[in-house]
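Summary of structural features
Chain by chain, the residues run as shown.
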Amino acid sequence: MKVRTRFAPSPTGYMHIGNLRTALYAWLFARHNNGKFILRIEDTDRNRLVEEAGNVIFRTLKDTGLNYDEGPDIGGEYGPYVQSERKEIYGKYARLLVEKGAAYYCFCTKERLDHLREQAAAEGKVFKYDKHCMSLSKEEVQRKIAAGEEYVIRQNIPTQGEASYEDMVYGKISVPMSDMEDNILLKSDGWPTYNLANVIDDHLMEITHVIRGMEYLSSTPKYNLLYDALGWQRPVYIHLPPVMKDKHKKLSKRNGDASYEDLIQKGYLKEAILNYIALLGWNPGGEREIYSLNELAEVFTLEGLSKSSAIFDIEKLTWMNGEYIRALSLEAFIERARPYFEQSLTSHVDLKKLATLIQPRLETLVQIGEKISFVNALPEYSIDLYSHKKMKTTPENSLNILIAARQKMASLEDFTNDALYSALLEVAQEAEVKSGRVLWPVRIAITGTAVTPGGATEIAELLGKEETLARMDFSISKLERELQ
RNA sequence: GGCUCCUUGGUCAAGUGGUUAAGACACCGCCCUCUCACGGCGGCUACAGGAGUUCGAAUCUCCUAGGAGUCACCA
């Protein structure tokens, strides 16, 4: 059997991490099995459409490398791949279901339904449609339709027995028929509901494995009834546990910002995002955690899927992102980081040198700005920074050291890290103090920053001789002034 | 509330009757070290609770509790 999976989002907003993970798993399963991955847009709810949403889906899938073999914008032999372009198909099958007795026309008004609902609520019962219109004769139905009465088509669900199926992750699921309602298959506006459309499309598109969120776990038996009525083979079901924001809430764009695009905005690498969410609810068994997309496709199997929900942990993603950043070649890193450098760097320094210092110290790309601000200009700083207990430095004992260091540095032809380092060690020796007594003050003097990506000599090399000496001079006079 | 499902440390998780109950993130400590980070070493913390079955239960059964999903002319 040729595996065919699909990702079938409705274009009603942004794509968040839970959606992306569903797409990822469907993609991985298809790729692992040498099958096809299909994108289908489910836009039958004409009221909830969001203008840009379709494009966000296309863009995200392309950007992440979750390439689809068939889809709205690339076509395929099972198209169209947008439900709004398949309207007649659903109508046709809805009527076929009526003929087979698996569905029926319903003319009940909203008023009657609301009344029934209120009644049920008053009695403390769960509302369930009473199959009122099922008793209508064929003639009555014809007459009403001819008279232009609005109608829907409802699924006719047996009142007795149990409906069950085998889910690949949750195992056997069985639901009493009596708990299922005669859902609407075709709305009065002529559009199908998900209940009908997903079945028709998955079958017509020859989807073999339906991979989707577990919110469909208990309604799947109803869909199976439709497959059975039509004499179609049921697909294999793979329901996924949800990705949570915390113990109680599902991840949502509203109360967090875990959309894919938000994470990219925050400086996360797409590879890290994919890698992290792949492991949120699935694991390959071993201890390895870093996998490229293709490596994931190689090892992905259903056995690794878990049944329980998983909380999205930004901390771990952040760690993994750091791993990905560090694994980049210097060139690749500079390429990725360029926009951030351009945004926050105003002075001219050797980008390669800066990148070398910064790359191993980054967890996200946006941290670049804060980490390199001292490069642009010496910030306002307090001379308290010269105090460091472990280095045994104070503003007072730093002053003379800085003067000596400044003189030594000025005499250097070769203003590189190594040369600077040995020069400053000499200063320490001459003053008969430990290296930290000179390296710490120098770093503070030229950066005015407590924590910097690199030591005193690395930063001196980065800034260059002229700038370094200028900053030394400034800091020396600042100290002289403030120590009076 | 009915129905469906879930439950190993703060988080992700290995584990499928016999283990000192892995590993990772986070946190803490130490080491490395010109600050920080990286790296190395070590520590902390878990089988939701209770009954069974069994020589033996995180693993099997039942009950309880907690949680999630669903109960739309949304998907």
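To keep things clear, this report deals only with the structure shown in the data block.

Criteria and thresholds
Position numbers for residues count from 1 along each chain, tracking the sequence in the order it is written. Starting at A for chains and at 1 for ligands, labels are handed out in the order in which the entities are written. Selection of residues for local features in this predicted model requires a pLDDT of at least 70, selection of side-chain atom pairs for listing and counting requires 80 or more, and totals for whole chains, interfaces and linings are taken over all residues. Excluding hydrogens and water, the side-chain values take into account all heavy atoms of the structure. A run of H or I in DSSP counts as a helix once it spans at least four residues, and a run of E counts as a strand once it spans at least two, with each numbered from the N terminus. Radius of gyration means the value over C-alpha atoms here, while the globule rule gives 2.2 Å times the residue count to the 0.38 power. Relative accessibility under 20% of the residue-type maximum defines a buried residue, over 50% an exposed one, and the middle range a partly exposed one, all with a 1.4 Å probe and only protein chains included. Working rule for contacts: check all heavy atoms of both residues, and any pair within 4.5 Å makes them a contact. Computed with the Shrake-Rupley method and a 1.4 Å probe, the accessible areas treat only the protein chains shown as cover for residues. Lys and Arg are tallied as positive, Asp and Glu as negative. Neither His nor the chain termini are counted. For the purpose of locating charges, the reference atoms are NZ of Lys, CZ of Arg, CG of Asp and CD of Glu. Every case where a carboxyl oxygen of Asp or Glu lies within 4 Å of a side-chain nitrogen of Lys or Arg is listed as a salt bridge. When two cysteine sulfur atoms lie within 2.5 Å, the pair is treated as a disulfide. Only buried Ala, Val, Leu, Ile, Met, Phe, Trp, Tyr and Cys residues count toward a nonpolar core, and they belong to the same one when joined by side-chain atoms within 4.5 Å.

1. Re the overall build of chain A
The helix and strand tally for chain A stands at 19 helices and 11 strands. What you see for chain A is a C-alpha radius of gyration of 33 Å, clearly larger than the 23 Å of a compact globule of 484 residues, by over 25%. With respect to the three principal axes, the spread of C-alpha positions in chain A is 110 × 50 × 35 Å. Burial statistics for chain A: of 484 residues in total, 50% are counted as buried. A separation threshold of at least 6 residues defines the contact pool for chain A, and within that pool the share at least 24 residues apart is 74%. Accessible surface computed for chain A: about 23,500 Å², of which carbon and sulfur atoms make up 49%. A gap of 3 Å separates the mean positions of the 61 positive and 69 negative side-chain charges of chain A.

2. Things to note about unusual backbone geometry
What is expected of a backbone is that most residues other than glycine have negative phi and most peptide bonds are trans. Cis geometry is found at the peptide bond from Gly 79 to Pro 80, where omega equals -5°. Topologically, Pro 80 is positioned in the loop between helix H2 (53-64) and helix H3 (87-99). Located in the positive-phi region is Lys 131, a residue other than glycine, with phi close to 60°. Its place among the elements puts Lys 131 in the loop between helix H4 (110-122) and helix H5 (138-146). Overall, the relative accessible area of 21% leaves Lys 131 in the partly exposed class.

3. Looking at the pattern of salt bridges
Across all of its chains, the model carries 31 salt bridges by this definition. Between Asp 63 and Lys 270 there is a salt bridge, with its nearest N and O atoms 3.7 Å apart. Taken as a pair, Asp 63 in helix H2 and Lys 270 in helix H9 (residues 270-278) lie far apart in primary sequence, 207 residues in all. Lys 270 sits in the partly exposed class, given a relative accessible area of 28%. Of the charged contacts, one joins Asp 114 and Lys 110 as a salt bridge, the two residues approaching to 3.0 Å between their closest N and O atoms. Note that Asp 114 and Lys 110 are positioned in helix H4 at a spacing of 4 residues, about one turn of the helix. Its relative accessible area of 28% is what places Asp 114 among the partly exposed residues. Overlapping salt bridges, with partners in common, bring together Arg 6, Arg 40, Glu 42, Arg 86, Asp 201 and Asp 202 in one network.

4. Quick notes on the state of the cysteines
Enumeration over the complete set of coordinates arrives at 0 disulfides. You can see Cys 108 has no disulfide; the closest cysteine sulfur is in Cys 133, sitting 3.5 Å from it.

5. With respect to the nonpolar core
By size, the foremost hydrophobic cluster in this structure holds 154 residues, and its most contacted members are Phe 312, Phe 333 and Met 409. Setting aside chain neighbours within four positions, we find Phe 312 in contact with Ile 17, Val 243, Met 244, Lys 245, Leu 251, Ala 258, Leu 263, Tyr 276, Ile 277, Leu 280 and Leu 317.

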